[in-house]
Amino acid sequence: MNDTHPEPPAREPRRRAEDPAPTEAVGDGPPFRRLRSGRRRSEPTAPFDAEGVSAGTDPAPRQPAAPAPRQEHRGATAESHDPGHPESHDGSAAADVDAPAEEHVGESTGEHYDEYTDVEPDEAELYAEETAAAGTIRKQRRRRRTSVTPVVVGVFFIFFSAIVLFLQTLLGPGEPEDFAGPGEGEVTFTVEPGWGPIQIGDKLVEEEIVASRTLFLAAIQEVEAENREIHPGEYQLQRRMPALEVAQSMIGTGGEKVHYVALRQNMRTGAVFEEINKATGLDVAELEALNEQPEAFGITGPATTLEGYLHPGEYRFPLETDAQGVLQLLVDATLEELTSQGVSDPEEQYRVLKIASILQAEARPKDYPVVAGAIENRLRPGNTETNGLLQVDSSVIYGLGRYSLQFTEAEKNDADNAYNTYVHPGLPPTPIGSPANSAIEAAINPEENDFYYWVTVDTTTGETKFASTYAEHRVYQEEFRQWCAANPDICK
């Protein structure tokens, strides 16, 4: 053996990634699996095959195992460190290039570092952590894209729905079809000062005269007129009219200023004339003169005045309407009601109006048919209970020219008063006021009963009690007197 030891070769710099890797691994024991972190597992792995691939694993190329680091061993021979010796002491194939001997501070702790990696162990760990973090970020991004996509679709759907709802609100649900006509019934439509086409259209829709405001506004533009303005006033229209017909009726030909007169139920002719004078300016004297000419208004039979024929209600007269024209409207309303109830004979009409006017003055609407039956009982021939006397206070005060129900005993016995039904049997000479349709209907269709007397025992509630005998009636009269004593302000 040559005792001369050859000079060890100079240390070569560490290999980098671009340097060729050793083809064979040389070490003190079995090969180790290389980890991503740059460390080696301390336990041995399956043997490598001739091509450097672990038996039974995927034949993908593997990183060759790094040679075990050379270490200084006290007492070792030179042959054991001979770089030219074809085999190592453990029989492993020699590496192409000798690895420089290097001490490992961490050897005593069992840590082994890879001398052929291109980064230090700390750097390898950092690289592994960065790689894992990058993978995590990619997964988070994929999850974020997966979760964000439904949100975006939902927001788009909500936005699209909002646009659709806005357009529906703006455009409306669609215009209804125009009424075909020709119209139903009669409607007095009032246009107030300051109203424009839109407000007029809305009011026409409310009263079911036109189908829609839009149709009415469009119809206004179709009317052939120099001025399409609609003036304040009263317009006689019908329900469910075609919009164009309504516009034509209100433009140019309608809207004249009118006189308005409101006549209450049970008003006498004198009060009616005063109201007409206030509303129209027509002379009361002229109206009084016409009152004495019932025939001028188509009234025949025993009537000598218009009393009872001037129907209560609301009336609107064009400005140019004269006195006879105004009164004719009132008379026509009464005659129409009588005729519609089947009473066409002038004498019977007059009788009905007398009874109806008493009902209007003596009772409440709910009691009209009962009181009408009692009146018929008193008027019946052979009546021995009242001997044909109606004995109603309302007729007496009419003859006295007053409205108060209070009168003296002398006035009650005054035969000079033709309307004194305590003295004169039968109906009064004329109606004693203007009856409403409900009173006219009750007078035509009285309730059959055996009552002869009635008295209102509470004028605030209208409570009325009926009796078949005078003795019973006197009990109710006393009840009324007691009520008046408790309510002197009402019965004065």
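We now turn to the structure provided with this report.

Reading guide: rules and limits
- Residues numbered from 1 in each chain as written.
- Predicted model: local features only at pLDDT ≥ 70, side-chain atom pairs only at ≥ 80, totals over all residues.
- Heavy atoms only, no water.
- Helix = DSSP H or I, 4+ residues; strand = E, 2+ residues; numbered from the N terminus.
- Buried < 20%, exposed > 50% of the residue type's maximum accessible area, 1.4 Å probe, protein only.
- Contact = heavy atoms within 4.5 Å.
- Areas by Shrake-Rupley, 256 points an atom, 1.4 Å probe, with all protein chains shown as cover.
- Core = buried A, V, L, I, M, F, W, Y, C linked by side-chain atoms within 4.5 Å.
- Pairing = 2+ DSSP bridges.
- Axes fitted to C-alpha atoms, helices over the stretch in contact; angles between N-to-C directions.
- Parallel < 35°, antiparallel > 145°, perpendicular 65-115°, else oblique.
- Left-handed = near helix turned anticlockwise from the far one by under 90°.
- Nonpolar A, V, L, I, M, F, W, Y, C, P; charged D, E, K, R; others polar.
- Phe/Tyr/Trp six-rings, centres within 6.5 Å; stacked < 30°, edge-to-face > 60°.
- Lys NZ or Arg CZ within 6 Å of the ring centre and 35° of its normal.
- Arc of directions from axis to C-beta.
- Salt bridge = Lys/Arg side-chain N within 4 Å of Asp/Glu carboxyl O.

## Considerations on the overall build of the protein
And then number 1: Counting secondary structure elements, the protein contains 14 helices and 6 strands.
And then number 2: Within the protein, the fraction of its 492 residues that count as buried is 33%.
And then number 3: Looking at the protein alone, contacts between residues at least 24 apart form 63% of all its contacts between residues at least 6 apart.
And then number 4: Just so you have it, the protein exposes about 29,900 Å², and 52% of that area is on carbon and sulfur atoms.

## Thoughts on the nonpolar core
And then number 1: Counting 50 residues, the largest nonpolar core has L327 and L359 as its most contacted members.
And then number 2: Beyond its immediate sequence surroundings of up to four residues, L327 is in contact with F273, I276, L287, L290, F297, L306 and L310.
And then number 3: Core analysis: the second largest hydrophobic core is formed by 20 residues, V187, I200, F216 and I251 among them.

## Considerations on the pairing of strand β5 (residues 453-458)
And then number 1: Where burial is concerned, most of β5 is hidden: 6 out of the 6 residues are buried.
And then number 2: For β5 and strand β6 (residues 463-467), the ladder comprises 5 bridges, and the chain directions are antiparallel. Its bridge partner being in β6, T456 is matched across the sheet by T464.
And then number 3: Hairpin connection, β5 to β6: the antiparallel pair is bridged by 4 residues, and G462 has positive phi, about 80°.

## Looking at the packing of helix α2 (residues 197-206) against helix α3 (residues 213-222)
And then number 1: Relative to each other, α2 and α3 sit at 130°, their axes nearing to 8 Å. The angle between α2 and α3 falls in the class oblique. Considering only the axes of α2 and α3, their crossing is right-handed. Residues P197, I198, I200, G201, D202, L204 and V205 of α2 lie in contact with α3, whose contacting residues are R213, F216, L217 and I220.
And then number 2: Of the residues belonging to the contact of α2 with α3, the class tally is 8 nonpolar, 1 polar and 2 charged.

## Quick notes on the packing of aromatic side chains
And then number 1: Enumeration according to the criterion identifies 6 aromatic pairs in this entry.
And then number 2: Centroid distance Y315 to F317: 6.1 Å. Interplanar angle 5°. Geometry classified as stacked. Both residues of the pair, Y315 and F317, belong to the buried class.
And then number 3: Directly above the aromatic system of Y403 lies the positively charged group of R268, at a separation of 3.9 Å from the ring centroid.

## Comments concerning α3
And then number 1: Of all the residues in α3, the buried ones are F216, A219 and I220. For α3, the angular spread of buried residues about the axis comes to 105°, placing them on one side. Away from its buried face by more than 90 degrees, α3 exposes Q221 and E222.
And then number 2: The secondary structure elements touched by the buried residues of α3 are α2 and α4 (243-250).

## Topic: the environment of I490
And then number 1: Tracing the chain through its elements places I490 in helix α14 (residues 488-491).
And then number 2: Taking the C-alpha atoms as reference, I490 lies 8.6 Å from T460; in sequence the two are 30 residues apart.
And then number 3: Filtering out sequence-adjacent residues up to four positions away, I490 remains in contact with T459, T460 and W483.

## Regarding α4
Given 3.6 residues per helical turn, the α-helix brings residues three or four places apart onto the same face.
And then number 1: Taken together, the buried positions of α4 are occupied by A243, V246, A247 and M250. All buried residues of α4 project into a common sector of 100° when viewed along the axis, lining one side.

## Thoughts on the pattern of salt bridges
And then number 1: Under the defined criterion, the tally for this structure stands at 10 salt bridges.
And then number 2: A salt bridge links K203 to E206, with the shortest nitrogen-to-oxygen separation between them at 3.9 Å. Here K203 pairs with E206, and both are found in helix α2, just 3 residues apart, close to one helical turn.
And then number 3: Using a relative accessible area of 61% as the deciding quantity, one classes E206 as exposed.
And then number 4: Between R351 and E376 there is a salt bridge, with the nearest N and O atoms lying 3.1 Å from each other.

## Some remarks on the environment of E226
And then number 1: Note on placement: E226 falls in the loop between α3 and β2 (233-239).
And then number 2: For E226, a relative accessible area of 88% translates into the label exposed.
And then number 3: In this structure, the C-alpha to C-alpha distance between E226 and I251, residues 25 residues apart in sequence, is 10.0 Å.

## Regarding the environment of K203
And then number 1: Owing to a relative accessible area of 28%, K203 belongs among the partly exposed residues under this scheme.
And then number 2: Taking C-alpha positions, K203 is 8.7 Å from R213, a pair spaced 10 residues apart along the chain.
And then number 3: Apart from residues no more than four positions distant in its own chain, K203 is found in contact with F189 and W195.

## Section: unusual backbone geometry
And then number 1: Unlike most non-glycine residues, E208 shows phi in positive territory, near 60°.
And then number 2: Assignment of secondary structure puts E208 in the loop between α2 and α3.
And then number 3: Using a relative accessible area of 37% as the deciding quantity, one classes E208 as partly exposed.
And then number 4: Positive phi, normally seen in glycine, also occurs at Q391, with a value near 50°.
And then number 5: Note on placement: Q391 falls in the loop between α9 (368-379) and α10 (393-400).
And then number 6: Given the relative accessible area of 28%, Q391 is considered partly exposed.

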